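Topology and contacts: notes
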Amino acid sequence: MVSRARAGQAIGLVKRARRELVNSGAIEALVDLLRNGDVSTRLVAGNALGVISSHVDYIRPVAEHGVIPLYAELLHEQEPLGKEIAEDVFCILAVTDESMIMPLQSLNIW
């Protein structure tokens, strides 16, 4: 959570800025980085997507881009920060959208 708070502060993620990021294609770009980047890039992209998804209006668009398996991969890697980021995002998904609980359970992450 500390990393997410820092990321939000660093990019000045107020409601308007978050909307502008989403409208400019940030979700797609970050998903691509999460899927294809090196370890460091994946952590930064995963954290940034977590910041974006922390707003209820954007959680579904983020999830619909196929990030759940990508975050599951972060959970299974050795990087502790990646595990923390993935756990935070899964908690956000499960709390804000009950329809996400079944897909999350099917990943056997809990």
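Residues numbered from 1 in each chain as written. Predicted model: local features only at pLDDT ≥ 70, side-chain atom pairs only at ≥ 80, totals over all residues. Heavy atoms only, no water.

Per an unreviewed UniProt entry, the chain goes by the name Armadillo-like helical protein and belongs to Helianthus annuus.

**Observations regarding the overall build of the chain**
When helices and strands are counted, the chain shows 8 helices and 0 strands. Counting from the amino terminus, helix and strand elements in the chain follow one another as α-α-α-α-α-α-α-α. Out of the 110 residues belonging to the chain, those deemed buried represent 42%. Within the chain, counting contacts between residues at least 6 apart in sequence, those at least 24 apart form 61% of the total. (Helix = DSSP H or I, 4+ residues; strand = E, 2+ residues; numbered from the N terminus. Buried < 20%, exposed > 50% of the residue type's maximum accessible area, 1.4 Å probe, protein only. Contact = heavy atoms within 4.5 Å.)

**A word on helix α5 (residues 56–64)**
For α5, every residue scored as buried is listed here: Y58, I59, V62 and A63. Each buried residue of α5 lies within a common arc of 135 degrees when the element is viewed along its axis, so the set occupies one face. Downstream of α5 by one or two residues, G66 has phi in the positive range, about 80 degrees. (Arc of directions from axis to C-beta.)

**Some words on the environment of V31**
Residue placement: V31 occurs in helix α3 (residues 26–36). The exposure class assigned to V31 is buried, which follows from its relative accessible area of 3%. When the C-alpha positions of V31 and H65 are compared, they lie 7.2 Å apart, and in sequence the two are 34 residues distant. Among all residues touching V31, those that are not within four sequence positions of it are L49, H65, V67 and L70.

**Let's talk about the environment of I59**
Tracing the chain through its elements places I59 in helix α5. Between the C-alpha atoms of I59 and V89, which are 30 residues apart in sequence, the distance is 9.4 Å.

**Side note on the pattern of salt bridges**
Per the counting criterion, the structure on display carries 2 salt bridges. The shortest N-O distance in the salt bridge between E77 and R42 comes to 2.5 Å. Taken as a pair, E77 in the loop between α6 (67–76) and α7 (80–96) and R42 in helix α4 (residues 39–53) lie far apart in primary sequence, 35 residues in all. Assessed through its relative accessible area of 23%, E77 is described here as partly exposed. Residue classification places R42 among the buried residues on the basis of a relative accessible area of 7%. (Salt bridge = Lys/Arg side-chain N within 4 Å of Asp/Glu carboxyl O.)

**Examining the nonpolar core**
Where a protein is soluble and globular, its nonpolar side chains tend to be buried together. Core analysis: the largest hydrophobic core is formed by 27 residues, its most contacted members being I27, L34, L49, I52, Y71, F90 and L93. Sort the elements by how many residues they give to this core and α6 lands first, with 7 residues. Residues within four places of L49 in sequence aside, it is in contact with I27, L30, V31, L34, V62, V67 and Y71. (Core = buried A, V, L, I, M, F, W, Y, C linked by side-chain atoms within 4.5 Å.)

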